[in-house]
Amino acid sequence: MSQTTGTHDLSTIDYGMQDHPGPVAWSEAARREIDAIFAKYPDKSSATLPILWLAVREFGWISYQVEMIVAEVLERPLNEIHQVVTFYTMYPRRPLGRHHIQLCRNISCWLSGAVDLREHIKQILGIEVGETTPDGRFTLSEVECLAYCECAPAMRFDDTYIGNLTKDSVARIIRENS
Amino acid sequence: MLKLVTRNIGVQDSHTLSVARGHGAYSRVEKAFAMTPEALTQEVIASNLRGLGGAGFPAGRKWSFLPNDSPKPRYLVVNADEGEPGTCKDKYVMIHDPHLLLEGIIITCWAIRAHRAYIYVRGEYDLPIARLEQAIAEAKSAGILGDKVMGHDFPLEIVVHRGAGAYICGEETALLESLEGKRGWPRLKPPFPAVEGYMRCPTVVNNVETLAYVPFVVEMGGAAFAALGTERNGGLRMYSISGRVNKPGVYELPVGTSLRTMIYDVAGGIVGGRALKAVIPGGSSSPILRADEIDVPMDFDSLAKIGSMLGSAGVVVLDETVSIPEALMVLIRFYAHESCGQCTPCREGTAWLAMIVERIIHAKGRPGDIDNLVRVARNIVGNTICPLGDAAALPVISYVTKFRAEFEEWLAKARPVEALPLRPTHIGEPVTAG
């Protein structure tokens, strides 16, 4: 942390989080969407998860600056927002590659060869689980049960589910998106 | 074979309003509105429809717990946070027949007099979320939802709420906390959600599949629906069958179909004609069954009688080549990862269980580790706010007790700990520095 942002001076605290490179502000369209989200709930706090999703769409990932502007619109303390962001696994807290491979590792996928598949993908991409390829194209994650057990092994490729994976089909999907 | 909630799966564009209406969607709403909310609730009680998310609590009775004297608004919260490993049924309803779910929500909201319903969908479910949102938009413009439900003086709004990746949010009070914009930390019960749920208001939390059956209860009548199932489990239900079977998939079958029939007839038997070793009958948290225990009717009571549970009806089949300790490692790692961290026995206990199982697998097991697993697990059971602790511990106890010999084998592979003293320390011998 090296910046002073808004009223919160975080310059002396290192949370191991990254900063967004430029200024972070909601677009006009996002502001309108925020109002639409608020209308769906009896109080502002309930809109926390949807607004964080909106923030992921707007800014790609949740940095401290993003947490701050989320806290601001929700009128909640920053620490509450930070608690929420860190509790859930789906809000990225660092930049991801252009494509995000989320490979399921739980029981049904494990029984159907998920371990071999993971090793195969690691080999093709030349990275470990949790890393992004140097060209920024792919991030590889391993996740717990995607609820795609009947088509195991399965992965979530960006926002699409792909099941019945084989080493060949995975290699093809990676090649086609390279 | 009779099909209810899955009857439209496979019909072209079954998720669109026009096709769904052609296949009966919303045809039961009128009949429901012709009944009083109390009569409707009685009909559901008579149907023996149980909560199909896992707990199996009778649906109608849950509705009847809402206090009548509260001035606060009432809510229906739909649990679509399907996340129990081995379970993948609710997504079929949401993807292929979202209007059936909306119809079930409308009828339930009338029964409990709620004017707003939230569908809490797990964050990874992109397609189900898109389909639900599309269905709600279509229903709104057709006058099915909104200020007047199909012309009745009954306003209803349905909101899709996207989760963000936390298994614990499938637990109803954790789900409510999450819906309120907090960490999904389960609440101590009582008060139950029926009395103090979302925003401390009376709330009914029901699973997707449960609500999808509600229109059929109205259509057939409670007694006819009950007659389809067993004594205390009405109707049909969806079973997800996965693992080492030839035809994994989601099947709608009468409650009480035997596990043997499911594995060998419905799912086409074991891959490669291999022998069956074990079955997880109701999602990852259910205690495991040995191959000789599969002549059991798949309903809540029969499985409870033999020390397991039906839970979410996610059947996972393990053949003779599967190593039970390794399977346990996969599952216990999941629970250690998904513990919300609120209660110490669960937070610490699941991590210890995972650590012990992992060291057994990595040939670093210590004498007494198998008993330690059971001891740690027993210290979790019953000592936590929510059932996640039990969900982690009960399988551990069952895997270790039923397949102890395999754990012993792994333990025997353990290498002695390689520890060398920094310098010789033989007592009595002179030691020179250096």
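Quick notes on the rules
- Residues numbered from 1 in each chain as written.
- Chains lettered and ligands numbered in written order.
- Predicted model: local features only at pLDDT ≥ 70, side-chain atom pairs only at ≥ 80, totals over all residues.
- Heavy atoms only, no water.
- Contact = heavy atoms within 4.5 Å.
- Buried area = accessible area lost by both parts, 1.4 Å probe.
- Salt bridge = Lys/Arg side-chain N within 4 Å of Asp/Glu carboxyl O.
- Phe/Tyr/Trp six-rings, centres within 6.5 Å; stacked < 30°, edge-to-face > 60°.
- Helix = DSSP H or I, 4+ residues; strand = E, 2+ residues; numbered from the N terminus.
- Buried < 20%, exposed > 50% of the residue type's maximum accessible area, 1.4 Å probe, protein only.
- Arc of directions from axis to C-beta.
- Pairing = 2+ DSSP bridges.

Visitor: Looking at this structure, how should I read the interface of chain A and chain B?
Guide: Each partner contributes residues to the interface: chain A has 36 residues there, and chain B has 58 residues. Between chain A and chain B, a total of about 3,700 Å² is buried, with carbon and sulfur atoms accounting for 59% of that surface. By the criterion of area lost to chain B, the three top residues of chain A are F87(A), L111(A) and E150(A), representing 19% of everything that side buries. The tally of links between chain A and chain B comes to two salt bridges.

Visitor: I keep staring at the packing of aromatic side chains and nothing clicks. Help me out?
Guide: What characterises a pair of aromatic rings is the spacing of the ring centres plus the angle enclosed by the ring planes. All names here are of chain B. Evaluated as defined, the whole model comprises 19 aromatic pairs over all chains. Ring geometry for W110 versus F154: centroids 5.4 Å apart, planes at 85 degrees, classification edge-to-face. In this pair, W110 is assigned in helix α6 (residues 98-112) and F154 in the loop between α7 (126-141) and β3 (157-162), connecting sequence segments 44 residues apart. Using a relative accessible area of 18% as the deciding quantity, one classes W110 as buried.

Visitor: Help me out: how do you make sense of helix α17 (residues 404-412) of chain B in this one?
Guide: A turn of α-helix holds 3.6 residues, and therefore any two residues three or four places apart point the same way. Residue and element names in this part refer to chain B. The set of residues buried in α17 consists of E406, F407, W410 and L411. Axial view of α17: buried residues confined to an arc of 140 degrees, hence all on one face. The exposed residues of α17 that point more than 90 degrees off its buried face are A405, E409 and A412. If you follow the buried residues of α17, they end up packed against β7 (276-280), α13 (324-338), α14 (344-361), α15 (369-380) and α16 (388-402).

Visitor: Explain the pattern of salt bridges here, please?
Guide: When the charged atoms of two side chains with opposite charge come close together, those side chains can pair. One pass over the full model with this rule turns up 43 salt bridges over all chains. A salt bridge links E80(A) to R76(A), with the shortest nitrogen-to-oxygen separation between them at 2.8 Å. With a closest N to O distance of 3.5 Å, K62(B) and E172(B) form a salt bridge. Of the two residues, K62(B) is situated in helix α4 (residues 59-64) and E172(B) in helix α8 (residues 172-179); the sequence distance between them amounts to 110 residues. Ionic contacts of the salt-bridge type, sharing partners, join the residues R105(A), R118(A), E119(A), K122(A), E128(A), E142(A) and E144(A) into one network.

Visitor: How should I be thinking about the sheet that holds strand β6 (residues 249-254) of chain B in this particular structure?
Guide: Two orientations exist for strands paired in a sheet by backbone hydrogen bonds: parallel and antiparallel. Residues and elements named next belong to chain B. The mixed open sheet is built from five strands, whose spatial order is β6-β5-β9-β7-β8. If you trace the sheet from one side to the other, it starts and ends with β6 and β8 (289-290), each paired once. Here six bridges tie strand β5 (residues 236-243) to β6, and the two strands are oriented antiparallel to one another. Within β6, the residue paired with M238 across the bridge is E252.

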